Amino acid sequence: MSQATALIDGNNFYVACEQSIDPSLSGQPVIVLSNNDGCIVARSSEARALDIPMGQPYFKIRHKLKQLDVVVRSSNYSLYGDMSQRLMSLLSQHCEQLEIYSIDEAFVQVNRPYSYDLHPWARQLRALVHQNLGLPISIGIGTSKSQAKLANYLAKKVSTQAGIFDLHMTKDQYHWLKAIDIEHVWGIGRQLSKWCRRRGINNAQELRDMPSNELRSKLGVIGIRLQHELRGEACLPIEIVPPQKRETSVSRSFGRPITSLEELHQAVSTYVIRASEKLRRQKQRAGAITVFTRTSTFSQPFYNQSATSQLNTPSNDTAVLLKEALSLTKQIFKPYRLLIKAGVVMQKLQSIEHLQPNLLEQYNTTELQRRELLMQTIDNLNRRYGDGTVNWAICLPSRSWSMRREQLGCISTTQVSEVPIVSA
Ligand SMILES: [Mg+2]
């Protein structure tokens, strides 16, 4: 029995999540904007057909979108994150080994049946995801991760494949690899694709069959590994346990420039609370914290400042991290500057399993355990009843600086108050 590697990828994921919770949007041209309603970051296929470009600033195209009757949504990352978790947990029930690669992508390892044909498995999985979550997915199958990536690209591009492409079931692999431009090969960035094109290497097939020594001289062992992968030899294993994060950050642009220390305190506190939650979810503690802020790159004079503090004892307790962050915020604040962005970075992360205590500090283990339980309770309440159910006083006054989300759809999967009520 041979093994195959598949890449499962959500189609137009952000838009699909919006359509899933608001079915009146299906079949409509829909776009999703980046933070602060900045640029277009996702388009439904109907919006693509109207030639609406990806990455276009919203303010430049606002009127055209209105004329074309395109539905506009502000980004809603709590919805996308929640849908992603549901998708991954469903996939893990139906795939043998699963590596979550991004918010909407997962590599899986599957055994080929005696017929060798994985189409029935893939069709069933697509139907299951659609039935449970209302999300369309594409499945690309090969014998390595790089092949699975290319197959997934073909599954999306070739309409006759109905969202499934198995590179090893096709009679003409040469033809299909030739149809994939070099820019779409996994691991070939913009610079490398230029280098390839200068050498007459224009597509995946030509990269696979080019002289190995040329590739080695440019990319070293990574190039050789990529070539092996394209030929179907799996060199990159499926990583079931995600590697431990070294840093975790939360940063946002403001909806309007801010100039007061009070508002900067409030913004930084909001990000620290979010980052501390992330640390606890990742089962990690931070050994250092950095806070930064800046003005717009176009403002004169440009102001950009950061400050870091080392913690005596690593922590993921919001109160401890808030105290450090607030004193750092005072250090980086400068009056009369139009600040448009701030953020926090949690550094020197370590697992909660082994705490490295400071020899010079006194510990009250009972107090530490009590604080841990308190954080756990707050997280559980916020998870169950929605973000901000239990909040920190510093975040409570209204936040007129928070990012623009004028076109926010409903958030019914993460806020109890948004769950639709049906009367019968
Ligand atoms: Mg996707």
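Since this is a predicted model, take the numbers as computed values, not measurements.

## Brief notes about the sheet that holds strand 4 (residues 71-73)
Thought 1: The three strands lie next to each other as 3-2-4, forming an open sheet whose pairing is mixed. Of all strands in the sheet, those with a lone pairing partner are strand 3 (40-43) and strand 4, marking the two edges. If you compare each strand with its neighbour and ignore which way they point, the axes differ by 25° on average.
Thought 2: Looking at chain direction, strand 2 (residues 30-33) and strand 3 are connected through three bridges and run antiparallel. Paired with I31 across the bridge in strand 3 is R43.
Thought 3: Most of the contacts of helix 1 (residues 13-21) go to strand 2, to which it runs at about 115°, and overall it touches strand 2, strand 3 and strand 4.

## Thoughts on a positive patch on the surface
Thought 1: On the surface, R190, K194, R198 and K218 cluster together into a positively charged patch.
Thought 2: Take the positive patch: its biggest share by element is three residues, from helix 8 (residues 190-198).

## Side note on the confidence of the model for the protein
Any region with low pLDDT has predicted coordinates that should not be read closely.
Thought 1: Of all residues in the protein, 96% have pLDDT values of 70 or greater, and the mean over the chain is 89.
Thought 2: The lowest-confidence element of the protein is helix 10 (residues 212-219), averaging 87 in pLDDT; the highest-confidence one is strand 7 (residues 137-142), averaging 96.

## What about the coordination of the magnesium ion?
Thought 1: Within the protein, the atoms that donate to the magnesium ion are D9 (OD), G10 (O) and D104 (OD), at distances of 2.1 to 2.5 Å.
Thought 2: Written as a sequence motif, the donor arrangement for the magnesium ion is D-G-x93-D. Both residues of the pair, D9 and G10, belong to the buried class.

Procedures and definitions
Residues numbered from 1 in each chain as written. Predicted model: local features only at pLDDT ≥ 70, side-chain atom pairs only at ≥ 80, totals over all residues. Heavy atoms only, no water. Pairing = 2+ DSSP bridges. Helix = DSSP H or I, 4+ residues; strand = E, 2+ residues; numbered from the N terminus. Axes fitted to C-alpha atoms, helices over the stretch in contact; angles between N-to-C directions. Contact = heavy atoms within 4.5 Å. Patch = residues over 30% accessible without salt bridge, like charges linked within 9 Å, V, L, I, M, F, W, Y side chains within 5 Å. Areas by Shrake-Rupley, 256 points an atom, 1.4 Å probe, with all protein chains shown as cover. Salt bridge = Lys/Arg side-chain N within 4 Å of Asp/Glu carboxyl O. Lys, Arg positive; Asp, Glu negative; His and termini not counted. Charge placed at Lys NZ, Arg CZ, Asp CG, Glu CD. pLDDT = per-residue confidence, 0-100. Donors = N, O, S within 2.8 Å, 3.2 Å for Na, K, Ca; no water. Buried < 20%, exposed > 50% of the residue type's maximum accessible area, 1.4 Å probe, protein only.

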